[in-house]
Amino acid sequence: MTTPLAEVLDGQHAAELRKAARALLKQPLLLARGRYADEFRLARRHASELREWFDRNTGWALQVDTEVARLRKSPGVLTDPTHPARDTTRGATPFTRRRYVLLCLALAALERGEAQIALGRLADQIVLDAADPRLVATGVEFALERRDERLDLAAVVRLLLDLGVLRRVAGEEEAYVSGAGDVLYDVERRVLAGLLASRRGPSTVHAENLDDRLAELVAETALDSDELRFRAMRRSLTRRLLDDPVLYYDDLTDAELGYLTRQRGFLTARITELTGLVAEVRAEGIAMVDPEDDLTDVRMPEQGTHGHVTLLLAEHLAAAGGPVDLDELALRVRELASQHGGFWSKSAREPGMETELVEQAVARLTALGLVSRTPHGVVVRPALARYAVGETVIREPGSTPVPPPRKATS
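Residue positions within a chain follow its written sequence, with the count starting from 1. Side-chain atom pairs in this predicted model are given and counted only at pLDDT of 80 or more, local residue features only at pLDDT of at least 70, and totals for whole chains, interfaces and linings cover all residues. Excluded from the side-chain calculations are hydrogens and water; all other atoms, namely the structure's heavy atoms, are used.

A. The overall build of the chain, seen in detail. Counting from the N terminus, the helices are the DSSP runs of H or I reaching at least four residues and the strands are the DSSP runs of E reaching at least two. The secondary structure content of the chain amounts to 15 helices and 14 strands. Computation of the radius of gyration draws on C-alpha atoms alone. For the globule rule, the value is 2.2 Å times the number of residues to the power 0.38. Scaling as 2.2 N^0.38, a compact globule of 410 residues should have a C-alpha radius of gyration of about 22 Å, and the chain matches this with 23 Å. Taken along the three principal axes of its C-alpha coordinates, the chain extends 65 × 65 × 55 Å. Scored against the burial criterion, the 410 residues of the chain give a buried share of 42%. Long-range pairs, those at least 24 residues apart, make up 58% of the contacts in the chain between residues at least 6 apart in sequence. Of the roughly 21700 Å² of accessible surface on the chain, 53% is carried by carbon and sulfur atoms. His is not counted, nor are the chain ends, whereas Lys and Arg count as positive and Asp and Glu as negative. A charged residue contributes its charge at one atom only: NZ of Lys, CZ of Arg, CG of Asp or CD of Glu. Mean positive and mean negative side-chain charge positions of the chain (55 and 63 charges, respectively) differ by 2 Å. Only protein chains enter the calculation, and the probe is 1.4 Å; a residue is then buried if its accessible area is under 20% of its type maximum, exposed if over 50%, and partly exposed in between. It only takes one pair of heavy atoms within 4.5 Å for two residues to be counted as in contact. Here, Shrake-Rupley sampling with a 1.4 Å probe gives the accessible areas, and only protein chains in the shown set may cover a residue.

Shown next as structure tokens:
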């Protein structure tokens with residue numbers, strides 16, 4: 001029997017809408033050229049529906065023109081430090097505080113600059129701006145004379161190249177770092193203008209400490225009615241379900257938990273309909289699992305030595321009855337090296353490497369919401385039970401935690 005044309009077209013429309021939404025969640029800045037060009041065309045084609053969905057359910061604004069599609073995402077938890085920008089060309093090294101400050105100074109210099117700029121000229125402008133007494137008073141200083149400072153600037157530039165803010169015309173960053181040459185870039189001003197994702201300009205924020213400043217940047221209008229308060233909770237919870245690996249009930253306020261309890265089915269169904277993520281609901285919280293294992297910046301399990309060590313430590317921690325200190329984990333890695341070292345890289349088997357292996361594993365587990373860091377160790381969180389060795393048992397809400405089935409964490 002032939003499928004009616006209307007059903008075929010509806011199915012194609014839904015598939016395109018889902019692909020565009022997933023692309024925006026994974027890469028909130030899509031360009032008309034480059035590796036995400038196909039996804040950009042879909043986002044532009046379905047911009048009206050996507051804009052309405054994200055505004056209603058998350059409060060994220062979507063702006064689309066002939067060159068750029070920009071989803072102005074803001075995280076559900078502003079103080080979560082576990083998903084930093086990274087220098088992907090150097091072992092995915094996370095950005096430090098200095099690199100973030102350099103990034104902001106570089107963006108400010110590019111905003112005032114011309115359509116082309118040399119890296120040396122950009123560096124000179126950053127040094128001038130960094131001499132501001134208010135910045136110096138925070139303990140941040142840049143002379144860009146040392147190699148490590150130039151490496152930091154090169155990492156910032158590579159991030160801007162990856163985002164499409166800059167396009168390399170001539171030269172290489174390594175030549176600048178070594179002092180052997182310079183680099184020339186085109187500045188894509190339309191992409192640059194779309195980077196800032198806040199509800200108000202940073203210069204209008206007057207709070208003193210960082211947490212309050214972040215809150216002011218993304219604060220919604222005054223919540224002076226029940227309707228506005230419910231809308232704010234719906235948006236906040238949806239952001240966290242989309243962005244966080246696990247939404248734990250004990251991280252919510254009483255009002256948020258009450259709203260989620262009443263509206264859980266509606267919220268998760270809306271997300272599933274648009275993105276294909278599937279809700280895994282348990283007594284401790286909710287994880288929106290991605291069957292395609294694509295919408296994540298941190299995978300578990302992961303291939304390679306670090307991925308194997310992380311998985312083995314996850315199984316060890318899942319069997320722990322309470323907090324585990326880092327020294328104990330380092331000892332466990334030394335034991336694991338004697339059993340599995342033949343599958344690990346040569347450097348990972350060297351004496352003293354267990355500390356670095358533990359740090360990387362704990363950072364990954366923390367980013368996935370599987371453990372929490374303490375000053376000297378980690379505390380296991382309920383979702384880590386999925387990596388325990390044992391038989392899975394179906395349980396009722398409120399009963400003793402047991403290992404959930406192994407699935408990709410979104």
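Structure's up, so let's keep going.
B. How the structure looks around the packing of aromatic side chains. Any two rings among Phe, Tyr and Trp, with Trp reduced to its six-membered ring, count as a pair given centres within 6.5 Å; such a pair is stacked if its planes are under 30 degrees apart, edge-to-face if over 60, and tilted if neither. One pass over the structure, following the stated rule, counts four aromatic pairs. Ring centres of tryptophan 53 and phenylalanine 54 lie 5.4 Å apart, and the angle between their planes is 85 degrees; on these two criteria the pair is classed as edge-to-face. Among the aromatic side chains, those forming a connected cluster through ring pairs are Trp53, Phe54 and Trp60. Sitting over a ring, as applied to charges here, requires NZ of Lys or CZ of Arg to be within 6 Å of the ring centre and within 35 degrees of the ring normal. Looking at arginine 99, its charged tip hangs above the ring of phenylalanine 95, at a distance of 5.8 Å from the centre.

C. Summary view of the packing of helix α3 (residues 47-57) against helix α11 (residues 226-243). Two elements in contact, α3 and α11, have axes separated by 7 Å at closest approach and are oriented at 110 degrees. By the angle class used here, α3 and α11 are roughly perpendicular. Residue-level contacts link Trp53, Asp55, Arg56 and Asn57 of α3 to Arg234, Arg235, Thr238 and Leu242 of α11. Residues belonging to the contact of α3 with α11 are distributed by class as follows: two nonpolar, two polar and four charged. Between N-to-C directions, angles cover 0 to 180 degrees, with each direction set by a line fitted to C-alpha atoms, over the stretch in contact for helices. Convention used here: angles under 35 degrees read as roughly parallel, angles over 145 as roughly antiparallel, angles from 65 to 115 as roughly perpendicular, and any remaining angle as oblique. The nonpolar class holds Ala, Val, Leu, Ile, Met, Phe, Trp, Tyr, Cys and Pro. Asp, Glu, Lys and Arg form the charged class, and all remaining residues, Gly among them, are polar.

D. Region of the structure containing unusual backbone geometry. Positive phi values are uncommon outside glycine, yet leucine 144 reaches one of about 55 degrees. Using a relative accessible area of 8% as the deciding quantity, one classes leucine 144 as buried. For aspartate 293, which is not glycine, the phi dihedral falls at a positive 50 degrees. Its location among the elements puts aspartate 293 in the loop between β11 (285-289) and α13 (304-318).

E. Spotlight on the pattern of salt bridges. Salt bridge, as used here: a side-chain nitrogen of Lys or Arg that lies within 4 Å of a carboxyl oxygen of Asp or Glu. With the rule as written, the count across this model stands at 33 salt bridges. Here aspartate 129 ties to arginine 112 by a salt bridge, and the two come within 2.7 Å at their closest N and O atoms. Here the residue aspartate 129 occupies a position in helix α5 (residues 119-130), and arginine 112 occupies one in helix α4 (residues 97-112), the gap between them amounting to 17 residues. A relative accessible area of 22% places aspartate 129 in the partly exposed class. Because the salt bridges share partners, they merge into one network encompassing Arg98, Arg99, Arg146, Asp148, Glu149 and Asp152.

F. The arrangement of the sheet that holds strand β12 (residues 324-325) in detail. Spatially, the three strands line up as an open sheet ordered β12-β14-β13, and their pairing is antiparallel. Here the strands that pair on one side only, and so sit at the sheet edges, are β12 and β13 (371-373). Should DSSP find at least two bridges between two strands, the strands are regarded as paired. Where β12 meets strand β14 (residues 377-380), two bridges bridge the pair, whose relative direction is antiparallel. Of the residues in β14, the one forming a bridge with valine 324 is valine 378.

G. Broad picture of the nonpolar core. Core analysis: the biggest nonpolar cluster contains 40 residues, and Leu110, Leu122, Leu153 and Leu166 have the highest contact counts within it. No other element matches helix α7 (residues 147-163), which puts nine residues into this core. Leaving out residues up to four positions away in the same chain, leucine 122 has contacts with Ala106, Ala109, Leu110, Ile117 and Val157. Nonpolar core, defined: a set of buried Ala, Val, Leu, Ile, Met, Phe, Trp, Tyr and Cys residues in which side-chain atoms within 4.5 Å join the residues together.

H. Spotlight on α5. Between the first and last C-alpha of α5 there are 16 Å, a value that for twelve residues agrees with the 16 Å anticipated at 1.5 Å per step. Of the surrounding secondary structure, the elements contacted by the buried residues of α5 are α4, β6 (116-118), α6 (133-136), α7, α8 (173-177) and β8 (184-187). The span one expects for a helix is its residue count, reduced by one, times 1.5 Å.

I. Structural detail: the layout of surface pockets. Taken as a whole, the second largest pocket spans an internal volume of roughly 430 Å³. Considering the residues around the second largest pocket, the lining is formed by 26 residues, among which Ser74, Pro75, Val218, Ala219 and Arg239 are closest to the centre. Within the residue set of the lining of the second largest pocket, elements represented by two or more residues are α10 (210-218) and α11. For the lining of the second largest pocket, the leading source of residues is α11, giving six residues. In this analysis the probe radius is 1.4 Å and the grid spacing 1 Å, with only protein atoms considered; a cavity is a set of points the probe fits into but cannot get out of, a pocket is an open set with protein on both sides within 12 Å along at least five of seven lines, and lining residues have an atom within 4 Å of a point. Grid points are joined across faces, edges and corners, and a volume is the space filled by probe spheres set on the points.

J. Spatial organisation of the sheet that holds strand β2 (residues 61-64). If you walk across this open sheet you meet the three strands as β1-β3-β2, and the pairing is antiparallel. Two strands close off the open sheet at either side, each with one partner strand: β1 (29-31) and β2. Strand-to-strand twist across the sheet, computed as the mean angle between neighbouring axes with direction ignored, equals 5 degrees. In the sheet, β1 pairs with strand β3 (residues 68-72) via three bridges, with the strands oriented antiparallel. Residue pairing for β3: leucine 29 is matched across the bridge by arginine 70. Along the sheet, α3 makes contact with β2 and β3, crossing β2 at roughly 160 degrees.

K. Broad picture of the environment of aspartate 182. Here aspartate 182 lies in the loop between α8 and β8. Exposure remark for aspartate 182: the relative accessible area of 40% places this residue in the partly exposed category. Along the backbone, aspartate 182 and leucine 119 are 63 residues apart, and their C-alpha atoms lie at a distance of 6.2 Å. Here aspartate 182 is in contact with Ala118, Leu119, Gly120, Ala170, Gly171 and Glu172, once residues within four sequence places are set aside. Within the structure, aspartate 182 has its side chain in polar contact with the backbone nitrogen of leucine 119 (distance 3.3 Å). Of note is the side chain of aspartate 182, whose polar atom sits 2.9 Å from the backbone nitrogen of glycine 120. Polar contact is the term for a pair of N or O atoms within 3.5 Å; when the atoms are in protein, one must be able to donate a hydrogen and the other to accept it, and sequence-neighboring residues count only if both atoms are side-chain atoms.

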